[in-house]
Amino acid sequence: MGTFQAIRGMNDILPGESALWQRLEATLRETLAAYGYQEIRLPLVEKTELFARSIGEVTDIVDKEMYTFADRNGDSLTLRPEGTAGCARACIEHGLLHNQTQRLWYAGPMFRYEKPQKGRYRQFHQVGAEAYGMAGPDIDAELIGLSARLWRRLGLQQVVLQINSLGSSAARAAYRERLVDYFTARRAELDEDSQRRLAANPLRILDSKNPMMRALIAEAPSLLDYLDPDSQAHFERLQSLLDAAGITYEVNPRLVRGLDYYCKTVFEWVTDTLGAQGTICAGGRYDGLIEQLGGPAAPGVGFAMGLERLIAMLAAAGRPTADPPHAYLIAAGEEAQRAGFALAERLRDQLPALRLQLHCGGGGFKAQFRRADHSGAQLALILGENEVAAGTVAIKPLRAADGGQVTLPQGEAAAYLRAAALEHPL
Ligand code: HAM
């Protein structure tokens, strides 16, 4: 009988990696809290119609990437491909948008049936932030500033901010017509994908990664020349806010995003360190979405970041991916095991931050030392018959070159560990 494997594009996060995930998530939570964002927890499954109406029928996501299935009662349900739609649905449903502002964040797995490759998966994790009820560019700038602070806190330097404005829907419609004229006149030069997009979603041609299309796209009319005065002023004000805070950016008039709900500001944080899947965070403004979903006329803006991509950057920068124990307690013989268990519990009382692994499963000193070594611990705490009789414990560095061993009264072990393992990691 064959063994089972995970579904293609859906990854296990193994114990050797999970510590880095936890540190990343803790930094994200702290930073979001520092800006006054509150967590909202949302279901993984929503009605299919919610995504079709918000992300847009002719987007790649809705057209060909959703995990859609019939519920047992015949309703069409979909595993969420992103969080903005569900968050909007929840806020409308619970009346959180009537004459109020909200700053919210969510985290968790998203599902898209994409072609798996490095940095692109079918189950991936996002942390997203959404702000409602604020129409001005100040909140756009806040979200961008928050993400910039995150990269600083995480020590990620090779990231570039690209911004653009998609204008009002009327301005975009006018631009769309110009673009269709332009590409129709040069139809023979379009690749297959772009020919398909010309009818369904012509702005997405600007997103083409095909190098053969580059010149054609470079000469296409620019969206920024078609902006309505309100969007123009919004975009200028956003840039002046970013300038004032020293946040550098590139204006990229070809940045259009793959979801239909955006208007005015859109932005992406991009790195050249991850290969083809270089966007680590993306978002923008979506002032019409809440109303379109049956809610009040509340403006919205937000972003989401891909955690797998951030983890890849952190790991490439040499950040440790696991948290090995500080100490591993070895005890040979029945009496020593009793004393060892009691000592381990006392040390955990005294040092809540200490990561102490107790040897379980018996065996002689040699086998136990092998396990201690394998655990990655900095120190071995050793109890044999002599130590038990004298009420002492031997402590041996496992990683340091000199390997000097000390023997202490058990009552002094906590102070020693605090200095050696917690304050001065070896
Ligand atoms: P998105 O651009 O589709 O936007 O995704 C946001 C981020 O999620 C991407 O920049 C990327 O880091 C990550 N991501 C997307 N697809 C994958 C994948 N298949 N594998 C790995 N990572 C991926 C949204 O989802 C919008 N809801 C963002 C937003 C929030 N806009 C306003 N509010």
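Just so you know, these numbers come straight off a predicted model, no measurement behind them. (Residues numbered from 1 in each chain as written. Predicted model: local features only at pLDDT ≥ 70, side-chain atom pairs only at ≥ 80, totals over all residues. Heavy atoms only, no water.)

Before going further, it helps to spend a moment on the nonpolar core. Formed by 46 residues in total, the largest nonpolar core has its most connected members in Tyr-132, Phe-183 and Leu-206. Counting only elements with at least two residues in this core, the list comes to helix 2 (48-55), helix 3 (60-65), helix 4 (84-93), strand 5 (102-111), strand 6 (123-132), helix 6 (169-185), helix 8 (214-218) and helix 10 (289-292). With near-sequence residues (within four places) excluded, Leu-206 lies in contact with Tyr-175, Leu-179, Phe-183, Ile-217, Ala-220, Arg-254 and Val-256. Counting 41 residues, the second-largest nonpolar core is a separate cluster that includes Trp-105, Ile-139, Val-159 and Leu-161. (Core = buried A, V, L, I, M, F, W, Y, C linked by side-chain atoms within 4.5 Å. Buried < 20%, exposed > 50% of the residue type's maximum accessible area, 1.4 Å probe, protein only. Helix = DSSP H or I, 4+ residues; strand = E, 2+ residues; numbered from the N terminus. Contact = heavy atoms within 4.5 Å.)

Turning our attention to empty space enclosed by the protein. Scanning all chains against the criterion turns up one cavity of 30 Å³ or more. Within this model, the largest cavity holds a volume of roughly 30 Å³. Across the lining of the largest cavity, the residue classes tally to three nonpolar, two polar and three charged. (1 Å grid on protein atoms, 1.4 Å probe; cavity = no way out; pocket = protein on both sides within 12 Å on 5 of 7 lines; lining within 4 Å. Points joined across faces, edges and corners; volume = space filled by probe spheres on them. Nonpolar A, V, L, I, M, F, W, Y, C, P; charged D, E, K, R; others polar.)

Attention now goes to the packing of aromatic side chains. Under the criterion given, the structure shown has eight aromatic pairs. When the centroid spacing of 5.9 Å and the interplanar angle of 75 degrees are considered together, the rings of Tyr-67 and Tyr-113 count as edge-to-face. Residue Tyr-67 is located in strand 3 (residues 67-70), and its partner Tyr-113 is located in the loop between strand 5 and strand 6; the two are separated by 46 residues in the primary sequence. Looking at Tyr-113, the relative accessible area reads 44%, which means it is partly exposed. Measuring from ring centre to ring centre gives 5.7 Å for Trp-151 and Trp-269, while their planes differ by 75 degrees; the resulting arrangement is edge-to-face. With a gap of 118 residues between them, Trp-151 in helix 5 (residues 137-154) and Trp-269 in strand 9 (residues 263-270) connect regions that are remote in the sequence. Taken individually, Trp-151 and Trp-269 each receive the classification buried, so the pair is uniform in this respect. Ring-pair connections join several aromatic residues into one group, and the members of that group are Tyr-132, Tyr-261, Tyr-262 and Tyr-286. Taking NZ or CZ as reference, Arg-122 lies 3.8 Å from the ring centre of Tyr-113, over its face. (Phe/Tyr/Trp six-rings, centres within 6.5 Å; stacked < 30°, edge-to-face > 60°. Lys NZ or Arg CZ within 6 Å of the ring centre and 35° of its normal.)

Further remarks concern the site of the ligand. Close to the ligand lie 26 residues, the nearest being Glu-82, Thr-84, Glu-114, Glu-130 and Tyr-262. For the ligand, an oxygen atom lies 2.9 Å from a polar atom in the side chain of Arg-112. The side chain of Tyr-261 places a nitrogen or oxygen atom 3.0 Å from a nitrogen atom of the ligand. When the free accessible area of the ligand is taken as 660 Å², the share hidden by the protein chains comes to 96%. Secondary structure elements with two or more residues in the shell around the ligand: strand 6, strand 10 (279-285) and strand 11 (300-306). Of all the elements, strand 10 adds the most residues to the shell around the ligand, at six residues. Partitioning the shell around the ligand into residue classes produces 11 nonpolar, eight polar and seven charged. (Near = heavy atom within 4 Å. Polar contact = N/O pair within 3.5 Å; in protein donor to acceptor, adjacent residues only side chain to side chain. Areas by Shrake-Rupley, 256 points an atom, 1.4 Å probe, with all protein chains shown as cover.)

Looking now at the side chain of Arg-285. Counting through the fold element by element, Arg-285 comes out in strand 10. Note on Arg-285: relative accessible area 0%, which makes it buried. Within the structure, Arg-285 has its side chain in polar contact with the side chain of Asp-140 (distance 2.6 Å).

Moving on: helix 11 (residues 307-316). Of all 10 residues making up helix 11, seven are buried, and the element is well covered by its neighbours. Inspection of helix 11 places Leu-307, Glu-308, Arg-309, Leu-310, Ile-311, Met-313 and Leu-314 among the buried residues, and these make up the whole buried set. If you follow the buried residues of helix 11, they end up packed against helix 1 (15-34), strand 6, helix 5, strand 10 and strand 11. Where helix 11 terminates, the next one or two residues include Gly-318, which has phi positive at roughly 85 degrees.

Let us look at the pattern of salt bridges. Taken as a whole and assessed by the stated rule, the structure comprises 23 salt bridges. Among the salt bridges present, the one from Arg-120 reaches Glu-114, with a minimum N-O distance of 3.4 Å. Two residues, Arg-285 and Asp-140, come together in a salt bridge whose shortest N-O distance is 2.6 Å. Linking Arg-285 in strand 10 with Asp-140 in helix 5, this pair joins segments that are 145 residues apart in sequence. Like Arg-285, the residue Asp-140 is buried in the burial classification. (Salt bridge = Lys/Arg side-chain N within 4 Å of Asp/Glu carboxyl O.)

Looking at the second largest pocket, its volume works out to about 410 Å³. Considering the residues around the second largest pocket, the lining is formed by 26 residues, among which Arg-172, Leu-259, Asp-260, Tyr-261 and Tyr-262 are closest to the centre. At four residues, the largest contribution of residues to the lining of the second largest pocket is made by helix 6. By residue class, the composition of the lining of the second largest pocket is 12 nonpolar, seven polar and seven charged.

Let us look at the sheet that holds strand 4 (residues 76-79). Strand order in the open sheet formed by three strands is 2-4-3, and the pairing between neighbours is antiparallel. Strands with a single pairing partner mark the edges of an open sheet, and in this sheet they are strand 2 (45-47) and strand 3. When strand polarity is set aside, the average angle formed by the axes of neighbouring strands in this sheet is 35 degrees. Helix-sheet contacts for helix 2 involve strand 2, strand 3 and strand 4, and the interaxial angle to strand 2 is about 75 degrees. (Pairing = 2+ DSSP bridges. Axes fitted to C-alpha atoms, helices over the stretch in contact; angles between N-to-C directions.)

Here we come to a nonpolar patch on the surface. A cluster of nonpolar residues, Leu-44, Val-45 and Phe-69, forms a patch on the protein surface that exposes about 210 Å² of accessible area. Mapped onto the elements, Val-45 comes out in strand 2. (Patch = residues over 30% accessible without salt bridge, like charges linked within 9 Å, V, L, I, M, F, W, Y side chains within 5 Å.)

Reading across from one edge, 1-5-6-11-10-9-7-8 is the order of the eight strands in this open sheet, with mixed pairing throughout. In the strand order of this sheet, the two ends are held by strand 1 (38-39) and strand 8 (250-251), each with one partner. In this sheet, strand 9 lies alongside strand 7 (residues 160-165) in antiparallel orientation, the contact comprising six bridges. Directly across from Ile-163, in strand 9, lies its bridge partner Phe-267.

These values are about where atoms sit, not about what they do.
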